[in-house]
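Below are the chains, spelled out letter by letter.
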Amino acid sequence: KLRQVTAMWAGDSRVYLLTPALGLCQLTRDHCTQPDPMENLYDDGILTNVLSADGNYHLAFNQLPVTGPAVVLAATDGCFGYVSTPMEFEGLLLSTLDQADSAAGWETSLAQATGAVSGDDHTMVLAAFGFGSFTALREAFHSHYAQLYQQYLEPLSRLAPDDRAARRAMWQEYAGNYLQFLGG
């Protein structure tokens, strides 16, 4: 069983925790001039800390205890940076999981889905802990995905592409949980 997650990073690649009870939670704070994950989708902030050969960077850490089954994932900005809301990134993760019949099938459909929206590389690694089987993993997230779809994804799908105000309003509702390990 997973007991603790330690995220270490520099730049704007992210580490997330995904649980059936909490959904998707960001564990790392982007090192950029636009710290809000939703606003950064529209106003791509300038990176303020990146790994480089000159050694002029710092590594940040976030450590937290985890109880119960969980998925931990690390992703480059190509995976999450080209959707219009963080809710849609969670939806991309869960819709591909919900439709997959195996871990390999999830991997393939997730790579295709992130590739379809990516403006650059879309590299992701994930590890699932405490589910026992792929079927149990998929079933554990089914009701959370249905709730996410009803509360956010379906209403988002009806919005005009330029309706940022409505997207921001939904983000304000969603952000408390999504950012809970970063101080809200």
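Here is a short report on the structure shown in this document.

Procedures and definitions
Residues numbered from 1 in each chain as written. Predicted model: local features only at pLDDT ≥ 70, side-chain atom pairs only at ≥ 80, totals over all residues. Heavy atoms only, no water. Helix = DSSP H or I, 4+ residues; strand = E, 2+ residues; numbered from the N terminus. Rg over C-alpha atoms; globule rule 2.2 N^0.38 Å. Contact = heavy atoms within 4.5 Å. Areas by Shrake-Rupley, 256 points an atom, 1.4 Å probe, with all protein chains shown as cover. Bend = angle between axes of the 7 residues up to and from the residue. Buried < 20%, exposed > 50% of the residue type's maximum accessible area, 1.4 Å probe, protein only. 1 Å grid on protein atoms, 1.4 Å probe; cavity = no way out; pocket = protein on both sides within 12 Å on 5 of 7 lines; lining within 4 Å. Points joined across faces, edges and corners; volume = space filled by probe spheres on them. Nonpolar A, V, L, I, M, F, W, Y, C, P; charged D, E, K, R; others polar.

## Side note on the overall build of the protein
Looking only at helices and strands, one finds six helices and six strands in the protein. Relative to the compact-globule value of 16 Å for 184 residues, the protein shows a C-alpha radius of gyration of 16 Å, a close match. A separation of at least 24 residues holds for 70% of the contacts in the protein among residues at least 6 apart in sequence. Looking at the protein as shown, the accessible area adds up to about 9,200 Å², and 52% of this sits on carbon and sulfur atoms.

## Let's talk about helix α6 (residues 164–178)
The sharpest bend along α6 comes to roughly 35 degrees, located at glutamine 172. When we look at burial in α6, the residues that qualify are Arg167, Met170, Trp171, Tyr174, Ala175 and Tyr178.

## Here we look at empty space enclosed by the protein
Here the structure, examined in full by the defined rule, presents one cavity of 30 Å³ or more. As a volume, the largest cavity reaches approximately 30 Å³. For the lining of the largest cavity, the secondary structure elements donating two or more residues are β2 (14–19), α1 (37–42) and α3 (86–99). The class makeup of the residues in the lining of the largest cavity is eight nonpolar, no polar and one charged.

## Some words on the environment of alanine 146
Along the chain, alanine 146 falls in helix α5 (residues 134–157). Sequence-wise, alanine 146 and leucine 97 are 49 residues apart; in three dimensions their C-alpha atoms are separated by 12 Å.

## Quick look at the layout of surface pockets
One way to see where empty space is left: roll a probe the size of a water molecule over the atoms. By volume, the largest pocket amounts to about 260 Å³. Residue lining of the largest pocket: 14 residues in total, with Trp106, Glu107, Leu110, Met124 and Leu126 positioned closest to the centre. Considering each element in turn, the lining of the largest pocket owes the most residues, six residues, to helix α4 (residues 103–117). Here the lining of the largest pocket is composed, by residue class, of ten nonpolar, three polar and one charged. Space inside the second largest pocket adds up to approximately 180 Å³. Lining the second largest pocket are 14 residues, and of these His144, Gln151, Tyr152, Tyr174 and Asn177 lie nearest its centre. Listing elements by their share of the lining of the second largest pocket, those giving two or more residues are α5 and α6. Of all the elements, α5 adds the most residues to the lining of the second largest pocket, at five residues.

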